[in-house]
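# Understanding the architecture of this molecule
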Amino acid sequence: AQTVTQSQPEMSVQEAETVTLSCTYDTSENNYYLFWYKQPPSRQMILVIRQEAYKQQNATENRFSVNFQKAAKSFSLKISDSQLGDTAMYFCAFIGTDKLIFGTGTRLQVFP
Amino acid sequence: DGGITQSPKYLFRKEGQNVTLSCEQNLNHDAMYWYRQDPGQGLRLIYYSQIVNDFQKGDIAEGYSVSREKKESFPLTVTSAQKNPTAFYLCASSIDHGDLFYEQYFGPGTRLTVT
């Protein structure tokens, strides 16, 4: 069975600092996608970044970047220059040939 | 503006009543999904539909029903058979790339409270 594990229920970071959120997954598939979604207090799920498994280059979107280690099945999210608006739940998600599978989330608090 | 709308944002019902949650998208996406979110948990898939007039059960379909009469619309009915219906419900859609569902875009959600 495919699983996604986020081992950090809560994290905090000071504004302008860098924080890394961890995610590991388990699958026997070779072709798949990985995502990080952000859920702010409004509860709207927002796609932050996407990584295709066949691409070795780590995805980057402005202040957000990932460290994708396929062999280790690890997919961490780095947020640089953290802003107060980054305060949210962050969900790691995996999709192969079946449904989208979410981790349980990491609550990130950015302090001024 | 292209996007997914869910209405209403908050919904209250008495136990024993069926209730229908609306989900509409104007993104021309093929596939649509319903998820349930409970506190401290990730999203769990209730139903999904890849084409009009066809849908499949997800992990927690019991007590729910759906229809897909139009590409743009995928309403979810929470029936009285659902034992614990109070939750936050999210609708999503995506382009169907065959085997891979591709990335999903979410609506703002509906908070359902049943007393």
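The following refers to the structure shown. (Residues numbered from 1 in each chain as written. Chains lettered and ligands numbered in written order. Predicted model: local features only at pLDDT ≥ 70, side-chain atom pairs only at ≥ 80, totals over all residues. Heavy atoms only, no water.)

This part covers the packing of aromatic side chains. Applying the stated criterion across every chain, the model contains 17 aromatic pairs over all chains. Aromatic ring contacts, followed pair by pair, group Tyr-33, Phe-35, Tyr-37, Phe-91 and Phe-102 of chain A together with Tyr-33, Tyr-35, Tyr-48 and Phe-106 of chain B into a single cluster. The ring of Phe-88 of chain B has Arg-43 of chain A sitting right over it, with the charged end atom 4.0 Å from the ring centre. Against the face of Phe-74 of chain B rests Arg-68 of chain B, its NZ or CZ located 6.0 Å from the ring centre. (Phe/Tyr/Trp six-rings, centres within 6.5 Å; stacked < 30°, edge-to-face > 60°. Lys NZ or Arg CZ within 6 Å of the ring centre and 35° of its normal.)

All names here are of chain B. Pairing is antiparallel in the open sheet, where four strands are placed in the order 1-3-8-7. The sheet is open, and its two borders are formed by strand 1 (4-7) and strand 7 (64-66), each paired with just one other strand. Neighbour-to-neighbour, the strand axes of the sheet open up by a mean angle of 20°, direction not taken into account. Bridging between strand 1 and strand 3 (residues 19-25) involves four bridges; their strand directions are antiparallel. Across the sheet, residue Gln-6 finds its bridge partner in strand 3, namely Cys-23. (Pairing = 2+ DSSP bridges. Helix = DSSP H or I, 4+ residues; strand = E, 2+ residues; numbered from the N terminus. Axes fitted to C-alpha atoms, helices over the stretch in contact; angles between N-to-C directions.)

Residue and element names in this part refer to chain B. Here Gln-82 shows up in the loop between strand 8 (76-78) and strand 9 (87-94). For Gln-82, a relative accessible area of 14% puts it in the buried group. At 2.9 Å, the side chain of Gln-82 forms a polar contact with the backbone oxygen of Glu-62. (Buried < 20%, exposed > 50% of the residue type's maximum accessible area, 1.4 Å probe, protein only. Polar contact = N/O pair within 3.5 Å; in protein donor to acceptor, adjacent residues only side chain to side chain.)

Before going further, it helps to spend a moment on the state of the cysteines. All names here are of chain B. Within the structure shown, the criterion is met by two disulfides over all chains. A sulfur-sulfur separation of 1.8 Å characterises the disulfide bridge that pairs Cys-23 with Cys-91. Judged by the sign of its S-S torsion, about -75°, the bond between Cys-23 and Cys-91 is left-handed. Note that Cys-23 is positioned in strand 3 and Cys-91 in strand 9, a separation of 68 residues in sequence. (Disulfide = S-S within 2.5 Å.)

Here we come to the interface of chain A and chain B. At the interface, 21 residues of chain A touch 22 residues of chain B. When chain A packs against chain B, close to 1900 Å² is buried across both sides, 59% of that on carbon and sulfur atoms. A salt bridge links Asp-59 of chain B to Lys-99 of chain A, with the shortest nitrogen-to-oxygen separation between them at 3.3 Å. Between the two partners, chain A and chain B, sit six residue pairs in polar contact (both at pLDDT 80 or more). For the side of chain A that touches chain B, the elements supplying multiple residues, two or more each, are strand 5 (33-39), strand 6 (46-52) and strand 10 (88-95) of chain A. Looking at which element gives the most residues to the side of chain A that touches chain B, the answer is strand 5 of chain A, with four residues. In terms of residue class, the side of chain A that touches chain B is built from nine nonpolar, eight polar and four charged. (Contact = heavy atoms within 4.5 Å. Buried area = accessible area lost by both parts, 1.4 Å probe. Salt bridge = Lys/Arg side-chain N within 4 Å of Asp/Glu carboxyl O. Nonpolar A, V, L, I, M, F, W, Y, C, P; charged D, E, K, R; others polar.)

Read these as geometric descriptors, not functional statements.
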